[in-house]
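Observations on the model geometry
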Amino acid sequence: MWIRRLQLLGGQRLAVSHQWLICKKLLRFQLYPWVPATPAGWQPAEGAAGHGRRATRGLVRLRFLWLRTGAGLRARAPGAGRVELSGSTSGVADDCRDAWASEGLLMLIRSRTDSGTELQAWAPDSALRREPLWTQKLALESEVEDKARDEPGTGSLPLLPCACAYVSPQPPFCRPLAPELRARRLELGAEHVLLLCAAGQVFSWGGGRHGQLGHGTLEAELEPRLLEALQGLPMAEVAAGGWHSLCVSEIGDIYIWGWNESGQLALPARSLAEDKKTFTEEGLNGDGSEVNRTARAEDGASAPFVAIQPFPALLDLPLGSDVIKASCGSRHTAVVTRTGELYTWGWGKYGQLGHKDGTSVDQPCRVEYFVEKQLQVKTVTCGPWNTYVYAVEKEKS
């Protein structure tokens with residue numbers, strides 16, 4: 001396995017591979033996150049999304065930043081103020097408060113003594129030299145800055161600290177949000193946006209051809225639209241995959257919708273069943289989900305699989321476990337339960353599910369590694385084709 005090690009404060013060590021990030025001690029320091037360069041010979045799949053997300057504040061601050069093949073990034077905590085690019089492209093930017101990247105763009109928030117706080121857009125191969133592609137000044141009050149620094153998920157890119165705008169990988173790079181939305185968290189998929197407001201309601205907009213908006217159609221939405229199917233159910237988490245979406249309610253229930261090509265919705269997937277079934281009929285379910293029906297299943301009966309789920313669907317984990325954290329990759333999904341267990345499902349070709357093979361699965365499966373090692377999972381962050389986990393040793397009774 002391709003692994004490098006980082007020395008942390010207090011003599012702790014952090015093992016980082018292209019599949020997992022595991023910390024075995026409860027750290028009370030700021031972590032210097034680091035994204036490894038892509039292993040030689042490895043190529044990503046077509047059209048997957050790349051975007052950064054942050055893990056738990058105060059314990060570990062992990063941000064996945066996808067640049068391009070052969071490029072790595074080390075983003076120090078806000079107090080350290082430095083972003084370092086390494087790999088096929090190397091460079092350093094000081095005075096940085098936050099960073100976010102897509103495959104073709106690197107966004108930085110920088111606090112400059114001469115010009116104040118700026119939002120900058122850089123080409124990933126620019127090595128952070130000369131001038132950025134685009135710059136915009138941010139007028140941030142100290143109260144807003146303190147709130148963004150102290151509250152997890154508040155003012156974390158792609159949502160700007162003022163929570164009234166967000167960054168986009170396509171021009172215009174800075175896009176405003178209506179003040180009445182009062183954004184708490186914002187997630188970007190490949191073609192769509194999810195927003196969690198302060199009241200716990202979910203809004204979505206952007207491309208909808210895979211049902212990823214959750215409004216029951218495959219139509220695009222140009223403006224934020226309330227997810228009416230979840231209205232009145234307070235949500236605590238939202239996550240956007242490449243073309244699927246997920247949210248977690250305040251009581252730990254999972255709602256999931258969008259594209260199910262690789263079983264990322266934990267619904268029967270055609271691609272996973274092709275070796276066993278012959279498909280003869282296509283149509284729509286009564287709830288609007290796109291379904292193909294098989295001529296034969298293992299028991300000889302007709303069995304449906306779901307290609308697109310345009311409405312939020314309630315998903316139950318084994319044993320009825322409650323969920324506290326969730327994250328989506330391009331075509332895989334990962335959740336953390338209240339008891340500290342990790343479940344993953346969807347596309348597994350590159351080992352991103354953590355089940356010791358490259359098998360894809362269309363149902364939630366517990367990652368046994370953490371059970372065997374007596375580790376309690378605290379949070380999970382999915383990159384497009386890999387998974388990062390923060391875990392601590394279970395207290396001995």
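For the structure itself, look to the data block above.
Residue indices follow the written sequence of each chain, beginning from 1 at its first position. Given that the model is predicted, a residue must reach a pLDDT of at least 70 before its local features are reported, and side-chain atom pairs must reach 80 or more before they are shown or counted; all residues, however, enter totals for whole chains, interfaces and linings. For the side-chain quantities, the full set of heavy atoms in the structure was used; hydrogens and water were omitted.

With that settled, consider the sheet that holds strand β15 (residues 192–197). Only strands joined by at least two bridges in the DSSP assignment are considered to pair. Segments assigned H or I by DSSP are reported as helices when at least four residues long, segments assigned E as strands when at least two residues long, and all are numbered from the N terminus. Ordered by their spatial adjacency, 4 strands build an open sheet running β14-β15-β16-β17, and the pairing between neighbours is antiparallel. The open sheet has two edge strands with one neighbour each: β14 (183–188) and β17 (221–226). Direction aside, the axes of adjacent strands within the sheet are offset by 15 degrees on average. Sheet topology note: the β15/strand β16 (residues 202–206) ladder contains 5 bridges and is antiparallel. Looking across to β16, one finds that Leu194 is bridged to Ser204. Convention adopted: a line fitted to C-alpha atoms gives each axis, helices being fitted over their contacting stretch, and angles between N-to-C directions are expressed from 0 to 180 degrees.

Among the secondary structure elements, Asp94 is positioned in strand β7 (residues 91–94). Separated by 12 residues in the primary sequence, Asp94 and Arg82 place their C-alpha atoms 4.3 Å from one another. Looking at Asp94, its side chain comes within polar contact range of the side chain of Arg82, at 2.7 Å. Two N or O atoms count as a polar contact when they lie within 3.5 Å, although within protein this holds only if one can serve as hydrogen donor and the other as acceptor, and sequence-adjacent residues are included solely when both atoms are side-chain atoms.

Attention now goes to the nonpolar core. Residues belong to one nonpolar core when they are buried, are Ala, Val, Leu, Ile, Met, Phe, Trp, Tyr or Cys, and are joined through side-chain atoms within 4.5 Å. Each residue is assigned to one of three classes by its accessible area relative to the maximum for its type, calculated with a 1.4 Å probe on protein chains only: buried under 20%, partly exposed between the two thresholds, exposed over 50%. Core analysis: the largest hydrophobic core is formed by 25 residues, its most contacted members being Met107, Leu119, Leu160, Leu177, Leu186, Leu195 and Trp205. At the level of secondary structure, the elements contributing two or more residues to this core comprise β9 (106–112), β10 (116–122), β12 (165–167), β14, β15 and β16. Non-local contacts of Trp205, meaning those with residues more than four positions away in its chain, are made with Tyr166, Leu177, Leu186, His192, Val193, Leu195, Leu213, Glu221, Leu222, Glu223 and Pro224. One finds Ile254, Ile256, Leu317 and Trp345 within the second-largest nonpolar core, a separate group that totals 17 residues. Every residue pair with non-hydrogen atoms within 4.5 Å of one another is taken to be in contact.

What follows covers the side chain of Ser126. With respect to the element layout, Ser126 can be found in the loop between β10 and β11 (134–138). Taking relative accessible area as the criterion, Ser126 reaches 17% and is therefore assigned buried. Separated by 2.7 Å, the side chain of Ser126 and the backbone oxygen of Ala123 make a polar contact.

With antiparallel pairing, the 4 strands of this open sheet are ordered in space as β8-β9-β10-β11. Each edge of the sheet is formed by a strand with only one pairing partner; in this case those strands are β8 (96–101) and β11. Direction aside, the axes of adjacent strands within the sheet are offset by 20 degrees on average. Sheet topology note: the β8/β9 ladder contains 5 bridges and is antiparallel. Bridge pairing links Trp100 to Met107 in β9.

The salt bridge criterion pairs a side-chain nitrogen of Lys or Arg with a carboxyl oxygen of Asp or Glu, the two atoms within 4 Å. In this structure the tally under the stated criterion is 11 salt bridges. When the shortest N-O distance is used, the salt bridge between Glu191 and Arg209 registers 2.7 Å. One end of the pair, Glu191, is in the loop between β14 and β15; the other, Arg209, is in the loop between β16 and β17, with 18 residues separating them in the sequence. Look at Glu191 and you get partly exposed, because its relative accessible area is 32%. Each of Arg185, Glu187, Glu237 and Lys325 takes part in salt bridges that share partners, so that together they form one network.

Here the amide bond leading from Leu157 into Pro158 is cis, since omega sits at 15 degrees, within 30 degrees of zero. Within the fold, Pro158 resides in the loop between α1 (142–150) and β12. Cis peptide bonds are those with omega within 30 degrees of zero, and the linkage from Pro171 to Pro172 qualifies with -5 degrees. In this structure, Arg130 is a non-glycine residue whose phi angle is positive, near 60 degrees. With respect to the secondary-structure elements, Arg130 resides in the loop between β10 and β11. Here the phi dihedral of Ala266 falls at roughly 60 degrees; this positive angle occurs in a residue that is not glycine. A relative accessible area of 12% places Ala266 in the buried class.

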